[in-house]
Amino acid sequence: METKRILFVCLGNICRSPAAETIFGKLASESGLTVKVDSAGTSGWHEGEKADPRMRHFAKERGYNITSIARKFRPTDFDDFDMIIAMDDSNYEHLINLANNSGHKNKVSRMAEYIREKGFNEIPDPYYGGDEGFTLVIDLLEYGSKKLIADLKKKTNDK
Ligand code: 4NP
C-alpha cells in the first residue's frame, strides 16, 4: 500500500496542528494505515518551540504524546505532501494563496470536512481561551481523524 503523506496546518503550530499530527498518526497506525504525518504553522512565531504545555498536558491525559517542534509552512511542502489539511478557514485561505498551481491548490482541504456532524466548521483556536478549548480540540480531532481514516481506507479499497 502506498504511504499517504499528510500535513496538518494551523497558525502557530503549537496547539491544533501538532495535536492533529499526533492524534491522527496514532489512530492511523492503530488502524493499520501506512501514513507519514507532519504539521506546520502559517506563521513562524513559535518556530523551534515545543507544543503549548496546555495542549501537551490535555493530550497526554487522553493517551497522546505530542513531541513535535514548531516550524513554519514552506512552499516545498506542496510537493512533499499528498494532503495539506487546514485547521480553520484563515489557515485554509492562507495556504490557497501560497499555492501557485491547481495541483497544489487541490491538495489543500479543511479539517472541518470531517467534523460537520459535530456542528463545527473549524477547529476552534484554543490559544487565548480556557482549558475546555483544549479538550474540545482533542474531541474534534479524534472524531475527524477517524472519519479521515475511514475515507482513506475506502479510497484504497475502491482502487
Ligand atoms: P495554533 O494556536 O494555531 O493552534 O498553534 C495558536 C498559537 C499561537 C498563537 C495563536 C494561535 N499566537 O498568537 O501566538
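Since we're looking at a predicted model, the values are computed, not measured.

On the secondary structure map, T67 appears in the loop between helix 2 (53-61) and helix 3 (77-80). Owing to a relative accessible area of 58%, T67 belongs among the exposed residues under this scheme. Counting along the chain gives 16 residues from T67 to A51, while the straight-line C-alpha distance between them is 7.4 Å.

Okay, the site of the ligand next. Taken together, C10, L11, G12, N13, I14, C15, R16, W45, H46, D125, Y127 and Y128 make up the full set of residues adjacent to the ligand. In the environment of the ligand, an oxygen atom lies 3.4 Å from a nitrogen or oxygen atom belonging to the side chain of D125.

Moving on, we get to the packing of aromatic side chains. Scanning all chains against the criterion turns up 4 aromatic pairs. Ring geometry for F73 against F78: centres 5.0 Å apart, planes inclined by 75°, an arrangement best described as edge-to-face. An identical accessibility class is assigned to F73 and F78; each is buried. An angle of 85° between the planes, with centres 4.8 Å apart, marks the rings of Y127 and Y128 as edge-to-face. When its relative accessible area of 28% is taken as the criterion, Y127 is described as partly exposed. Of the residues examined, Y128 reaches a relative accessible area of 77% and is grouped as exposed. In this structure, R110 packs its charged tip against the face of Y92, placed 3.7 Å from the ring centre.

Spatial ordering of the open sheet is given by 2-1-3-4, a layout of 4 strands whose pairing is parallel. Of all strands in the sheet, those bounded by a partner on one side alone are strand 2 (35-41) and strand 4 (108-110). The mean inter-strand angle of the sheet, taken between neighbouring strand axes irrespective of direction, is 25°. Here 4 bridges tie strand 1 (residues 4-10) to strand 3 (residues 83-86), and the two strands are oriented parallel to one another. Its bridge partner being in strand 3, V9 is matched across the sheet by A86. Helix-sheet contacts for helix 1 (residues 16-30) involve strand 1 and strand 2, and the interaxial angle to strand 2 is about 170°. Where helix 4 (residues 89-98) meets the sheet, it contacts strand 1, strand 3 and strand 4, and its direction lies at approximately 170° from that of strand 4.

Listing the buried residues of helix 2 in full gives M55, F58 and A59. All buried residues of helix 2 lie within an arc of 100° about the axis, which places them on one face of the element. Opposite the buried face of helix 2, at more than 90 degrees from it, the exposed residues are P53, K60 and E61. For helix 2, the secondary structure elements touched by its buried residues are helix 1 and helix 6 (131-158).

About the cut-offs
- Residues numbered from 1 in each chain as written.
- Predicted model: local features only at pLDDT ≥ 70, side-chain atom pairs only at ≥ 80, totals over all residues.
- Heavy atoms only, no water.
- Helix = DSSP H or I, 4+ residues; strand = E, 2+ residues; numbered from the N terminus.
- Buried < 20%, exposed > 50% of the residue type's maximum accessible area, 1.4 Å probe, protein only.
- Near = heavy atom within 4 Å.
- Polar contact = N/O pair within 3.5 Å; in protein donor to acceptor, adjacent residues only side chain to side chain.
- Phe/Tyr/Trp six-rings, centres within 6.5 Å; stacked < 30°, edge-to-face > 60°.
- Lys NZ or Arg CZ within 6 Å of the ring centre and 35° of its normal.
- Pairing = 2+ DSSP bridges.
- Axes fitted to C-alpha atoms, helices over the stretch in contact; angles between N-to-C directions.
- Contact = heavy atoms within 4.5 Å.
- Arc of directions from axis to C-beta.

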